Amino acid sequence: MAVLLLADAQLDATAKAVTAAQKLGGEVHVLVAGQGEAAEAAKLQGVAKVLTAPGDAHGLAEPLAALLAALAPGYTHIVAAATSNGKNILARAAGLLDVMIVSDAIGVVDAETFERPIYAGAAIQTVKSSDKIKIVTFRTAAFDPAPATGSAPSEAASAAASGGGSEWISDETVKSERPELTAAKIVVSGGRGVGSKENFAIIESLADKLGAAVGASRAAVDSGYAPNDQQVGQTGKVVAPQLYVALGISGAIQHLAGMKDSKVIVAINKDEEAPIFQIADYGLVGDLFDIAPKLEKALG
Amino acid sequence: MKILTPVKRVIDYNVKARVKADGSGVDLANVKMSMNPFDEIAVEEAVRLKEAGKATEIIAVSIGVDKAQETLRTALAMGADRAILVQAAASVDEDVEPLAVAKILKAIIEAEKPDLIIMGKQAIDNDSNATGQMLAAMLGWPQATFASKLELEDGAAKVTREVDGGLQTIKVALPAVVTTDLRLNEPRYASLPNIMKAKKKPLDVKTAADLGVDVAPRLTVVKVSEPPARKAGIKVGSVEELVAKLKTEAKVL
Ligand SMILES: Cc1cc2nc3c(=O)[nH]c(=O)nc-3n(C[C@H](O)[C@H](O)[C@H](O)COP(=O)(O)OP(=O)(O)OC[C@H]3O[C@@H](n4cnc5c(N)ncnc54)[C@H](O)[C@@H]3O)c2cc1C
Ligand SMILES: Cc1cc2nc3c(=O)[nH]c(=O)nc-3n(C[C@H](O)[C@H](O)[C@H](O)COP(=O)(O)OP(=O)(O)OC[C@H]3O[C@@H](n4cnc5c(N)ncnc54)[C@H](O)[C@@H]3O)c2cc1C
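Owing to the predicted nature of the structure, the values given are computational and were not obtained by experimental measurement.

**Things to note about the sheet that holds strand S9 (residues 166-173) of chain B**
Strands belonging to one sheet form pairs held by backbone hydrogen bonds; the direction of such a pair is parallel or antiparallel.
And then number 1: What the 10 strands build is an open sheet, ordered S11(A)-S9(B)-S8(B)-S7(B)-S10(B)-S6(B)-S1(B)-S4(B)-S5(B)-S11(B); its pairing is mixed. Two strands in the sheet have a free side with no partner beyond their single neighbour: strand S11 (166-173) of chain A together with strand S11 (203-207) of chain B. On average, adjacent strands in this sheet sit at an angle of 30 degrees to one another, irrespective of strand direction.
And then number 2: On top of the sheet, helix H3 (residues 98-112) of chain B reaches strand S1 (2-6), strand S4 (57-64), strand S5 (82-87) and strand S6 (116-120) of chain B; it is set at about 150 degrees to S4 of chain B, its chief contact.

Shown next as structure tokens:
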């Protein structure tokens, strides 16, 4: 028996899900259906086969969940990265198949037992599934990407996407030269303390100096300083870079849920009592408007 | 147009969850409980649609322990017209899985025939982010998840969704399931007169068995543990010291 993995639009997310899927024991088949490139998926080490289907380029859930459900009988597991598409589509597929979903798994104990964070990461739950087909999304921050050293064969899937009710109208994506937030080695994030959209340029400039991705707290996104796709936290993106630099962020549990597994955390905040200092490896108390430019300079 | 809003009673978002010493779960005894923040946003959106003359009736539904009545009263005080409690758990330690919640909601929806379901994208206790999608699948309805903007146009809803790459706008034919993201709106606080009025609004109580739904879980919780703690860090005195530490001690630059 084998594991069916739905490819994400982001190759890095797919590559991380492949690493997780290999721990389940069966062959890993990657389904490329409108999102992602079959040729790139075929190179991921550990992939036995790539299945292609004319899916939906916008990742609409109705046709893609129906496609997964149609292919399900040949598989023990249906998995994906826990991205916005993964969560949207796999939970619907679970509803179609009358099985539960294990969302945001961070560890594979065995083929039916998984670890996942609950309560904004305040607890780790180990759950065992008794379903005939196990549906799992994997948190990308918890797995390394599979290297692009393989060459799997490709074939057409035995079913096609179908099902309607929803229609794509438009996308508003922020084009950026910076690394993708969930794939970046360094992330520089700004919070409410940054004060305005104009001031957010300070965060971006420091990020560019470090070759880093830009992140933000919910307060910064709600206030319009940064776009929604930069939100880090319980309800935003979860990141675990080598270095996370938080400027003007207090450290609410909902924010920590998205970054506390970073290897090294630096916090810059003018309030020495800010909770972010409790989890920071290196804390610097002071005004970010003073420190950020100095830091940029010191980096040479 | 009739709108149904499922609301979940969860630990208040300001409370730090603590794992029980025996590893069976999170300690919910004597902890402040509130309406799931995403569900407050859902109720608010429904109430705004009613105030704008686009909706005629709002029904709030909660599934769980008897105390979830408090959460329903909050929804009624915010502006829902009536409420339904489905008793499916005897204690707060018994959580009902999204799959079972979706089946219970489906049974209620088949009886009530709403045109639109607005619910939270995730509950902040179990963070599954699944119930809305499962419900839409079971009903055979389209879904618009992670909504930050919702507009009704004849027979359809135009929804802007918060996705990994930014924003995506889609149109779903009604009836449909919409799940809320944080930036859809800012929920109101119920006023005292509305809290008083809510006490007189109808609240029906049913059981999962009445609806013929089996709530037996598919996932067994093997254990619940504390996440590994980070070791305490240090404060540095200057930018130069910080850069030196990052280079030589942490070796991340
Ligand atoms: C259901 C729910 C989900 C949520 N999900 C998320 C999430 O995914 N991500 C998230 O981030 N939040 C989330 N939140 C919000 C979270 O609770 C906090 O409100 C938010 O993280 C606060 O953002 P902040 O730290 O930027 O702002 P604040 O808490 O206001 O902190 C600002 C900080 O900046 C410092 N500061 C001010 N000026 C300066 C200066 N000049 N120099 C240096 N420091 C300065 C202050 O000392 C303060 O510590 C969620 C909340 C709820 C209820
Ligand atoms: C202490 C504890 C014990 C547990 N025990 C078990 C167990 O014995 N067996 C087991 O299999 N699992 C158990 N679980 C896991 C649990 O059943 C599921 O993981 C959990 O139900 C996931 O749902 P969610 O609330 O995160 O749903 P989400 O899909 O995140 O919720 C999304 C939305 O659905 C709606 N919704 C969800 N639930 C309700 C509701 N009850 N009423 C009305 N609307 C609702 C709301 O609008 C909500 O915003 C336990 C969890 C805990 C914390």
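Next comes the rest of the account.
**Notes on the sheet that holds strand S13 (residues 234-235) of chain B**
And then number 1: Strands sit in the order S13(A)-S12(A)-S14(A)-S15(A)-S16(A)-S13(B) across an open sheet of six strands; the sheet is parallel. Every interior strand has two partners, whereas the edge strands, strand S13 (213-216) of chain A together with S13 of chain B, have only one.
And then number 2: Of the strand pairs in this sheet, strand S14 (residues 243-247) of chain A and strand S15 (residues 264-269) of chain A are connected by five bridges, and their pairing is parallel. Across the sheet, the residue bridging to Ala-246 of chain A is Ala-267 of chain A, located in S15 of chain A.
And then number 3: On top of the sheet, helix H5 (residues 200-210) of chain A reaches strand S12 (186-190), S13 and S14 of chain A; it is set at about 170 degrees to S12 of chain A, its chief contact.

**Let's talk about the site of ligand 2**
And then number 1: Ligand 2 sits among 31 residues. The nearest are Lys-8, Asp-39, Ile-63, Glu-97 and Leu-219 of chain B.
And then number 2: Nearby residues place ligand 2 at the junction of chains A and B.
And then number 3: A distance of 2.9 Å is found between an oxygen atom of ligand 2 and a side-chain nitrogen or oxygen belonging to Asn-36 of chain B.
And then number 4: When the free accessible area of ligand 2 is taken as 990 Å², the share hidden by the protein chains comes to 93%.
And then number 5: Those elements that provide at least two residues to the shell around ligand 2 are S4, H3, S6 and strand S12 (219-225) of chain B.
And then number 6: With three residues, the top contributor of residues to the shell around ligand 2 is S4 of chain B.
And then number 7: Its residues assigned to classes, the shell around ligand 2 comprises 14 nonpolar, nine polar and eight charged.

**As for the site of ligand 1**
And then number 1: Surrounding ligand 1, one finds 30 residues, the nearest of these being Arg-192, Ser-217, Thr-235, Ser-250 and Asn-269 of chain A.
And then number 2: Residues close to ligand 1 are split across chains A and B.
And then number 3: A distance of 3.2 Å separates an oxygen atom of ligand 1 from a polar atom in the backbone of Gln-234 of chain A.
And then number 4: With the chains in place, 85% of the 990 Å² that ligand 1 exposes on its own is no longer accessible.
And then number 5: When contributions to the shell around ligand 1 are tallied by element, the ones reaching two or more residues are helix H6 (218-222), helix H7 (253-256) and helix H8 (288-298) of chain A together with helix H1 (37-51) of chain B.
And then number 6: Of the residues contributing to the shell around ligand 1, the split by class is 11 nonpolar, 14 polar and five charged.

**Some details on H5 of chain A**
All names here are of chain A.
And then number 1: What H5 keeps buried is the set Phe-200, Ile-203, Leu-206, Ala-207 and Leu-210. Buried residues of H5, seen end-on, are gathered within an arc of 120 degrees and therefore sit on one face of the element.
And then number 2: Packing partners of the buried residues in H5 comprise S12, S13, H6, S14 and H8.
And then number 3: Downstream of H5 by one or two residues, Gly-211 has phi in the positive range, about 65 degrees.

**Describing H3 of chain B**
And then number 1: The terminal C-alpha atoms of H3 of chain B lie 20 Å apart, and with 15 residues this matches the ideal 21 Å at 1.5 Å per residue to within 8%.
And then number 2: Most of H3 of chain B is tucked away, with 11 of its 15 residues classed as buried.
And then number 3: Buried residues of H3 of chain B: Pro-98, Leu-99, Ala-100, Val-101, Ala-102, Ile-104, Leu-105, Ala-107, Ile-108, Ile-109 and Glu-112 of chain B, and no others.
And then number 4: Packing partners of the buried residues in H3 of chain B comprise helix H4 (84-97) of chain A together with S1, S4, S5, S6 and helix H4 (131-139) of chain B.
And then number 5: Looking at the residues trailing H3 of chain B, positive phi occurs at Lys-113 of chain B, about 50 degrees.

**Thoughts on the packing of helix H3 (residues 61-71) of chain A against H4 of chain A**
Residue and element names in this part refer to chain A.
And then number 1: Close contact between H3 and H4 brings their axes to 8 Å; oriented N to C, the two are set at 55 degrees. Overall, the two elements H3 and H4 adopt an arrangement that is oblique. H4 is crossed by H3, and the crossing has right-handed handedness. Taking contact as the criterion, the partners of Ala-61, Glu-62, Leu-64, Ala-65, Ala-66, Leu-68 and Ala-69 in H3 are, on H4, Asn-88, Ile-89, Leu-90, Arg-92, Ala-93, Leu-96 and Leu-97.
And then number 2: For the contact of H3 with H4, the class distribution of residues is 11 nonpolar, one polar and two charged.

**Examining the packing of H8 of chain A against helix H6 (residues 239-249) of chain B**
And then number 1: The contact between H8 of chain A and H6 of chain B brings their axes to 9 Å, and the two run at 50 degrees. The pairing of H8 of chain A with H6 of chain B is recorded here as oblique in orientation. Crossing hand, H8 of chain A versus H6 of chain B: right-handed. From H8 of chain A, Ile-291, Lys-294, Leu-295 and Ala-298 of chain A reach across to H6 of chain B, where they touch Val-239, Leu-242 and Val-243 of chain B.
And then number 2: Along the lines of polarity and charge, the residues of the contact of H8 of chain A with H6 of chain B split into six nonpolar, no polar and one charged.

**Some remarks on the interface of chain A and chain B**
And then number 1: Across the contact, 80 residues belong to chain A and 74 residues belong to chain B.
And then number 2: Carbon and sulfur atoms make up 55% of the area that chain A and chain B hide from each other, which totals about 6600 Å².
And then number 3: Considering only the surface of chain A that becomes buried against chain B, Met-100, Tyr-119 and Tyr-282 of chain A emerge as the three largest contributors, covering 12% of it.
And then number 4: At the boundary of chain A with chain B, the tally comes to five salt bridges.
And then number 5: One salt bridge connects Arg-218 of chain B with Asp-98 of chain A, and the closest N-O pair in it is separated by 3.3 Å.
And then number 6: Scanning the region where chain A abuts chain B turns up 42 residue pairs in polar contact (both at pLDDT 80 or more).
And then number 7: Looking at the side of chain A that touches chain B residue by residue, the class counts come to 36 nonpolar, 24 polar and 20 charged.
And then number 8: Pairing geometry for strand S8 (residues 123-129) of chain A and S12 of chain B, over six bridges, is antiparallel. Across the sheet, Thr-126 of chain A pairs through a bridge with Lys-223 of chain B, a residue of S12 of chain B.

**Focus on unusual backbone geometry**
With the exception of glycine, the majority of residues adopt a negative phi angle, and the majority of peptide bonds are in the trans configuration.
And then number 1: Backbone torsion omega between Leu-174 of chain B and Pro-175 of chain B reads 0 degrees, so that peptide bond is classified as cis.
And then number 2: Turning to its location among the elements, Pro-175 of chain B is positioned in the loop between S9 and strand S10 (176-180).
And then number 3: Of note in the backbone geometry, Asp-104 of chain A takes a positive phi value of approximately 60 degrees without being a glycine.
And then number 4: Mapped onto the elements of the fold, Asp-104 of chain A is located in strand S5 (residues 101-105).
And then number 5: Judged by relative accessible area, Asp-104 of chain A falls into the buried class, the value being 10%.

Calculation notes
- Residues numbered from 1 in each chain as written.
- Chains lettered and ligands numbered in written order.
- Predicted model: local features only at pLDDT ≥ 70, side-chain atom pairs only at ≥ 80, totals over all residues.
- Heavy atoms only, no water.
- Pairing = 2+ DSSP bridges.
- Helix = DSSP H or I, 4+ residues; strand = E, 2+ residues; numbered from the N terminus.
- Axes fitted to C-alpha atoms, helices over the stretch in contact; angles between N-to-C directions.
- Contact = heavy atoms within 4.5 Å.
- Near = heavy atom within 4 Å.
- Polar contact = N/O pair within 3.5 Å; in protein donor to acceptor, adjacent residues only side chain to side chain.
- Areas by Shrake-Rupley, 256 points an atom, 1.4 Å probe, with all protein chains shown as cover.
- Nonpolar A, V, L, I, M, F, W, Y, C, P; charged D, E, K, R; others polar.
- Buried < 20%, exposed > 50% of the residue type's maximum accessible area, 1.4 Å probe, protein only.
- Arc of directions from axis to C-beta.
- Expected span 1.5 Å × (residues − 1).
- Parallel < 35°, antiparallel > 145°, perpendicular 65-115°, else oblique.
- Left-handed = near helix turned anticlockwise from the far one by under 90°.
- Buried area = accessible area lost by both parts, 1.4 Å probe.
- Salt bridge = Lys/Arg side-chain N within 4 Å of Asp/Glu carboxyl O.

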